[in-house]
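Examining the three-dimensional arrangement
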Amino acid sequence: MINILDRIQKTAAYLILISLFVVILLTATDNLRYDLILSEGRLLFDAMITTLWISLVTLILSMVFGFIFFLAMRSQIVFLKTLSNGMKEIVMGTPLLVMIFLVVYVFGIKAGIHSKLSLGILAMTAYMAPYIANAYETASAVIDEDQYTVMDLYHFNLFQRYRYIILPQMIRPLIPSMLNNLSSIIKGSALLKIVSISEVSYVITVISNRSYASIEGYLVMWVMYLIITIPLSLLSAYLGRRFSHAN
Amino acid sequence: MRIEVKGLTKSYDGKSVLNALDLVLGDVKVIGIIGGSGCGKSTLLRQLTGIETPESGSVKINGIELNSENLKAYQKRIGVVFQKHNLFPHLTVEENITLILRKTIGMSRSEAEVRCSQVLTEFQLSDQRNKIPSKISGGQAQRASIARAVATEPDLIFLDEPTAALDPILTKEVLNSIQLLKSDGAEFIFVTHEMDFLRKFADYFIFMDEGSIIEHGVIEKLETPDTKRLKIFVRR
């Protein structure tokens, strides 16, 4: 009985949300002209692919640099620990927009790197690495003190610790968290439009400026991001539930 | 085994746990450390294993004084069984043993598998070899932990209240495995607060209270304690 009531409540909530969403899409302004945006289907599709691959590359690089960050945060060397924690605080307190400007227009110019795409990805990676390092930190909490005692007793070196004991146990709790981070990267990538990278946000801005349909542009952009992020969020929740049941 | 402890001191958060212990023992095979909760017996065991370092004082086992230079070599020659089984939860029973043999002892994969099969047969765990610790009983997991400690063919085995986390039926299983160690002539030191456990396996006892060694002697001495505190503990 409780189950049926729960289901009815869930269905009602979803219906209200979907209705609200549709109402916003249909009544945002008078004379909505979605056709002006959607007529550029090919451009939109390419932009979506660009957003996805930029986000995936950023996630992979963030996972690598985040891991180095994570190791430094856990280091016994006070200098490394302090340096990484200090950097973490600075990066996490910096808006992504500022980070993109700093990397593209300050670091990029000083380093003589002209590829805005590479610099954009680098900026996103620098921004995400501490968040990913935090995700590693949380995932590593599954390894209890007793396991470290055994590793100490048998003198596992750093590589053996991570290769055989720590990383294999971190993967499960890490997957849902990484999907959530991918979702954040995808949304964050919208800011790359300021350096003219042809991802979803930039392409839609160009189309809507050309056709004077900026409200429709933002609404289409909203839908496009949701098409990617909602399945990711559902998958993350599903995997999280599955792993917690398995544990 | 020969043990020489001099002025061994340890404290946690300013609270003294071991108060300048002194102890000299020669040619003893099985030692049981007894005492009530919080008396410092597990801390003493951890000091003897080198898992923890003392604040002051020294520990000499079989003539070798434990220090940072020889700790690794010493710990390669000992086995430790903890209160909880402390098996790696993502590895099977077999992997838990072979990983240590391959990475610590440097055995090849095939040598490690042969040695693992021997100990699993000895401890009647062959049918559990491919299961992860959460899929076997607490008693089986603790026996697997003993098998892991024994697999490296250590000179000395330490057991820290190996039955404390188990119910009476599972305790019996583990005691049978410890009996096996005794029958094989292994030298071991164990911590317990159970007199039956002590009487069954130990040749020698060390009784501790409030971070100090109150009394120690051959196991028969338990029947005629010198101190009032041991008398009370024995009669509990």
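Scroll up for the structure.
Residues numbered from 1 in each chain as written. Chains lettered and ligands numbered in written order. Predicted model: local features only at pLDDT ≥ 70, side-chain atom pairs only at ≥ 80, totals over all residues. Heavy atoms only, no water.

Examining the interface of chain B and chain A
Contacts between the two partners involve 20 residues from chain B and, on the opposite side, 15 residues from chain A. Surface buried jointly by chain B and chain A totals about 1,700 Å² across both partners, of which 67% is contributed by carbon and sulfur atoms. Contact with chain A buries area across many residues of chain B, yet B:Phe88, B:His90 and B:Lys103 alone supply 31% of it, more than any other trio. For the interface between chain B and chain A, the tally reads 1 salt bridge. Measuring nitrogen to oxygen at the nearest pair gives 2.9 Å for the salt bridge that ties A:Asp146 to B:Lys84. Counting the contacts that link chain B with chain A gives 5 residue pairs in polar contact (both at pLDDT 80 or more). Of all elements in the fold, only helix H2 (71–76), strand E6 (78–81), helix H3 (93–105) and helix H5 (138–151) of chain B reach the threshold of two or more residues within the side of chain B that touches chain A. Top element by residues in the side of chain B that touches chain A is H3(B). It accounts for 4 residues. The residue inventory of the side of chain B that touches chain A, partitioned by class, reads 11 nonpolar, 4 polar and 5 charged. (Contact = heavy atoms within 4.5 Å. Buried area = accessible area lost by both parts, 1.4 Å probe. Salt bridge = Lys/Arg side-chain N within 4 Å of Asp/Glu carboxyl O. Polar contact = N/O pair within 3.5 Å; in protein donor to acceptor, adjacent residues only side chain to side chain. Helix = DSSP H or I, 4+ residues; strand = E, 2+ residues; numbered from the N terminus. Nonpolar A, V, L, I, M, F, W, Y, C, P; charged D, E, K, R; others polar.)

Description of the pairing of strand E1 (residues 3–12) of chain B
Residue and element names in this part refer to chain B. One ladder, built from 7 bridges, connects E1 with strand E2 (residues 15–25); its direction is antiparallel. Looking across to E2, one finds that Ile-3 is bridged to Leu-25. The hairpin formed by E1 and E2 contains 2 residues between the paired strands, and Asp-13 there has a positive phi angle of roughly 50 degrees. As paired elements, E1 and strand E4 (residues 56–61) share 5 bridges and run antiparallel to each other. Paired with Ile-3 across the two strands is Ile-61, which belongs to E4. (Pairing = 2+ DSSP bridges.)

Some details on the pattern of salt bridges
Residue and element names in this part refer to chain B. Under the defined criterion, the tally for this structure stands at 17 salt bridges over all chains. Linking Glu-173 and Arg-143 is a salt bridge whose minimum nitrogen-to-oxygen distance equals 2.6 Å. One end of the pair, Glu-173, is in helix H6 (residues 168–183); the other, Arg-143, is in helix H5, with 30 residues separating them in the sequence. Assessed through its relative accessible area of 8%, Arg-143 is described here as buried. (Buried < 20%, exposed > 50% of the residue type's maximum accessible area, 1.4 Å probe, protein only.)

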